[in-house]
Amino acid sequence: MNERPTKAILRVLNGEPVWPLPIWIMRQAGRYLPEYRETRKQAGSFLDLCYNPRLAEEVTLQPIRRFGFDASILFSDILVIPHALGQEVRFVENEGPKLDPVTSQADFSRLAEELPLERLEPVFETLDRLRQSLPKETTLLGFCGAPWTVASYMIAGKGTPDQAPARLTAYRDPAFMDGLIDKLVRASTAYLIRQIDAGAEAVQIFESFGSALPPALFDRLSLDPIRRMVEGLKEARPQAKVIVFVRGGGANLHRFASAGIGDALALDWTLDPAIVLKTLPGTVATQGNLDPLALIAGGAALTDGIDHILGTVRGRPHIFNLGHGILPETPVEHVAQMIARVRGA
């Protein structure tokens, strides 16, 4: 008989309402923290920081020391998978990631057939270190990008406003796109399995570009690949818990729920939980969804946003979070105010 988990996040992911709500925030280890900026200087490049277990552990622990979040998420990046597969990936200061685009069968053939997990050993070492160094009440989260989101970067060679290069490829050369998505499903599943083995207790799949997909492409490029990932992970590691975040996927959340894709569905900030939750079974765990700009603004915008979420989700299994990642200009004191209000409810 399975024991009931004691960690608040895991209790929610098992479908149990917990009050006060457990809380963590996307990108909680990052540029809004002065201690992160200092550590970042030591690392060299951003990828060097991702692949340095000692420093990656340190920046993952920084928001836990400062705020005592209920979960700690591995510090890494969704683009370590294409990097490990053999695509050139670099991060340019003030510009973001740059990749050598994969746009032809010749480019595709240069990628590794299967994910060489040994290239990501520093990431797994970071998880192992965190498993030993985190407070016992803190859930350790791993993560990866969803295949469509990662493929969009791989094809365009950078982030694009509407993922037009990848969408156009999906229309013009569906066989190429399907092959890339399939490779990423297999690679991402193997990566998540290894994260669980290294100490992650749950993982989040980030579909950051879900809003770019029209209905004609959504199932083929987002819903079905994520489903295959979740099924593959749970077949290999039945104890693994999965949070699925599809930014801009509000119209499809009930379909993820009805298909049992994930243990929790994360809501982006554009959704009103008072409306969305009526479309989901009461036993489906959710996460979110404060607007990151309300957290920057503070004052009434912040308290009203928090109170609306709290008033809507009480009695349901829910994890308090932002509707997307915290922004670098966020005042640290606003984060402390948010946590105090959520935990004092």
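Residues numbered from 1 in each chain as written. Predicted model: local features only at pLDDT ≥ 70, side-chain atom pairs only at ≥ 80, totals over all residues. Heavy atoms only, no water.

Draft legend 1. A look at the sheet that holds strand S4 (residues 139-145). One open sheet accounts for seven strands, arranged S1-S4-S5-S6-S7-S8-S9; its pairing is parallel. Among the strands making up the open sheet, the edge pair consists of strand S1 (71-73) and strand S9 (318-322). Each strand of the sheet is rotated relative to its neighbour by a mean of 25 degrees, with strand direction disregarded. Seen against the sheet, helix H15 (residues 299-313) touches strand S8 (285-290) and S9 and runs at an angle of roughly 165 degrees to S8. (Pairing = 2+ DSSP bridges. Helix = DSSP H or I, 4+ residues; strand = E, 2+ residues; numbered from the N terminus. Axes fitted to C-alpha atoms, helices over the stretch in contact; angles between N-to-C directions. Contact = heavy atoms within 4.5 Å.)

Draft legend 2. Spatial organisation of the UniProt feature "binding site: substrate" (unreviewed entry) in the protein chain. Feature annotation in UniProt assigns "binding site: substrate" (unreviewed entry) to the following positions: Arg27, Gln28, Ala29, Gly30, Arg31, Asp77, Tyr153, Ser208 and His324. Across 298 residues of sequence, these annotated residues are also dispersed in space, with a maximum C-alpha separation of 22.7 Å. Checked against the lining of the largest pocket, the annotated residues reduce to Arg27, Gln28, Ala29, Gly30, Arg31, Asp77, Tyr153, Ser208 and His324. Discounting residues that sit within four places of it in the chain, arginine 27 has contacts with Tyr32, His324, Gly325 and Ile326. Inspection of the secondary structure puts glycine 30 in the loop between helix H1 (8-13) and helix H2 (34-43). (UniProt positions renumbered as here; feature names shortened; annotations may be inferred. 1 Å grid on protein atoms, 1.4 Å probe; cavity = no way out; pocket = protein on both sides within 12 Å on 5 of 7 lines; lining within 4 Å.)

Draft legend 3. Region of the structure containing H2. Turning to H2, its buried residues are Tyr36, Thr39, Arg40 and Ala43. Seen end-on, H2 carries its buried residues on one side only, within an arc spanning 110 degrees. Exposed residues lying more than 90 degrees from the buried face of H2 are Lys41 and Gln42. The inward-facing, buried residues of H2 abut helix H3 (46-50) and helix H4 (53-67). Looking one or two places after H2, you find glycine 44, whose phi comes out positive at around 95 degrees. (Buried < 20%, exposed > 50% of the residue type's maximum accessible area, 1.4 Å probe, protein only. Arc of directions from axis to C-beta.)

Draft legend 4. Focus on the state of the cysteines. Summed over the entire model, instances satisfying the criterion amount to zero disulfides. Of the cysteine sulfurs around cysteine 50, a residue in no disulfide, the closest is that of cysteine 144, at 14 Å. A residue is classified by how much of its surface remains accessible, and cysteine 50, at 1% relative accessible area, is buried. (Disulfide = S-S within 2.5 Å.)

Draft legend 5. How the structure looks around the side chain of serine 152. Structurally, the position occupied by serine 152 is in helix H8 (residues 147-156). A distance of 2.8 Å separates a polar side-chain atom of serine 152 from the backbone oxygen of tryptophan 148. Among residues more than four places away in sequence, those in contact with serine 152 are Lys158, Gln163, Ala166 and Phe209. (Polar contact = N/O pair within 3.5 Å; in protein donor to acceptor, adjacent residues only side chain to side chain.)

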